[in-house]
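Observations on chain architecture
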Amino acid sequence: MKFMFTLLCVVSLLACVLLASAQAPSSSPKPGPEIKKLEAFIGRWNSDGDAKESPYGPAAKFSGTDTFEWVPGGFFVNHHWKGMQGSVAYDGFEIISYDSTKKMYMTRFFDNFGNSGAFTGGPSGNMWT
């Protein structure tokens, strides 16, 4: 009888623990207004023009496509670019974020030439620098 009572207590305790852990998770964090400003970039952008000599190639005509999309969760933007400068192909990507501690936008990029780097900046009026 004592064994059955102890077993019933253990089963009841386990049921309580399982019910408590099965509660709906707390709401997930939401991006703040600074991150929402990156919405202006979201989409696919085509460009063409005349490029000066650069690590991507000699002075020549260029054409390319830039695609900006939200990373799942909405806290970061993935920017992928691809194009041609003369006969030289270029391709790369960056992640754009907002550092709420430093109060600035930050990027980290990588390309098909082995380059990588970081930039900081933000909006100034109706322009981004």
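Treat the numbers as computed from the prediction; the structure is a model and nothing was measured. (Residues numbered from 1 in each chain as written. Predicted model: local features only at pLDDT ≥ 70, side-chain atom pairs only at ≥ 80, totals over all residues. Heavy atoms only, no water.)

1. Here's the deal with the overall build of the protein
- Summing up its helical and strand segments, the protein has two helices and eight strands in all.
- Reading the protein from its N terminus to its C terminus gives the helix and strand order α-α-β-β-β-β-β-β-β-β.
- Here the protein, with 129 residues, has 22% of them falling under the buried criterion.
- Summarising the internal contacts of the protein: among those between residues at least 6 apart in sequence, 30% fall at separations of at least 24. (Helix = DSSP H or I, 4+ residues; strand = E, 2+ residues; numbered from the N terminus. Buried < 20%, exposed > 50% of the residue type's maximum accessible area, 1.4 Å probe, protein only. Contact = heavy atoms within 4.5 Å.)

2. A look at a nonpolar patch on the surface
- Taken together, F76, F93, I95 and F110 make up a surface patch of nonpolar side chains, about 320 Å² in accessible area.
- Relative to the helices and strands, F76 resides in the loop between β2 (60–70) and β3 (77–85). (Patch = residues over 30% accessible without salt bridge, like charges linked within 9 Å, V, L, I, M, F, W, Y side chains within 5 Å. Areas by Shrake-Rupley, 256 points an atom, 1.4 Å probe, with all protein chains shown as cover. Salt bridge = Lys/Arg side-chain N within 4 Å of Asp/Glu carboxyl O.)

3. Topic: the packing of aromatic side chains
- Under the definition given, this model contains six aromatic pairs.
- Aromatic ring contacts, followed pair by pair, group F41, F68, Y98, Y105 and W128 into a single cluster. (Phe/Tyr/Trp six-rings, centres within 6.5 Å; stacked < 30°, edge-to-face > 60°.)

4. Description of the sheet that holds strand β6 (residues 116–121)
- Pairing is antiparallel across the open sheet formed by six strands, whose spatial order is β1-β2-β3-β4-β5-β6. Strands with a single pairing partner mark the edges of an open sheet, and in this sheet they are β1 (43–51) and β6. Recorded for the sheet is a direction-independent mean angle of 20 degrees between the axes of neighbouring strands.
- When β2 meets β3, the two strands line up antiparallel, connected through nine bridges. Of the residues in β3, the one forming a bridge with E69 is N78. (Pairing = 2+ DSSP bridges. Axes fitted to C-alpha atoms, helices over the stretch in contact; angles between N-to-C directions.)

5. Re the pattern of salt bridges
- Summed over all chains, the structure comprises two salt bridges.
- A salt bridge links D91 to K82; the nearest nitrogen and oxygen atoms lie 3.8 Å apart.
- Overall, D91 belongs to the partly exposed group, its relative accessible area being 24%.

6. Considering the confidence of the model for the protein
- Per-chain confidence: the protein averages 84 in pLDDT, with 80% of residues scoring 70 or above.
- Mean pLDDT across the elements of the protein bottoms out in helix α1 (residues 2–21) (46) and peaks in strand β5 (residues 104–111) (97). (pLDDT = per-residue confidence, 0-100.)

7. Focus: the environment of W45
- Note on placement: W45 falls in strand β1.
- For W45, the contacting residues outside a window of four places in its chain are A40, G64, T65, D66 and F68.
- Of the polar contacts made by the side chain of W45, one reaches the backbone oxygen of F41; its length is 2.9 Å. (Polar contact = N/O pair within 3.5 Å; in protein donor to acceptor, adjacent residues only side chain to side chain.)

8. Remarks on unusual backbone geometry
- Of note in this structure, K103 is not a glycine but carries a positive phi near 55 degrees.
- Its location among the elements puts K103 in the loop between β4 (88–99) and β5.
- Since its relative accessible area comes to 61%, K103 is described here as exposed.

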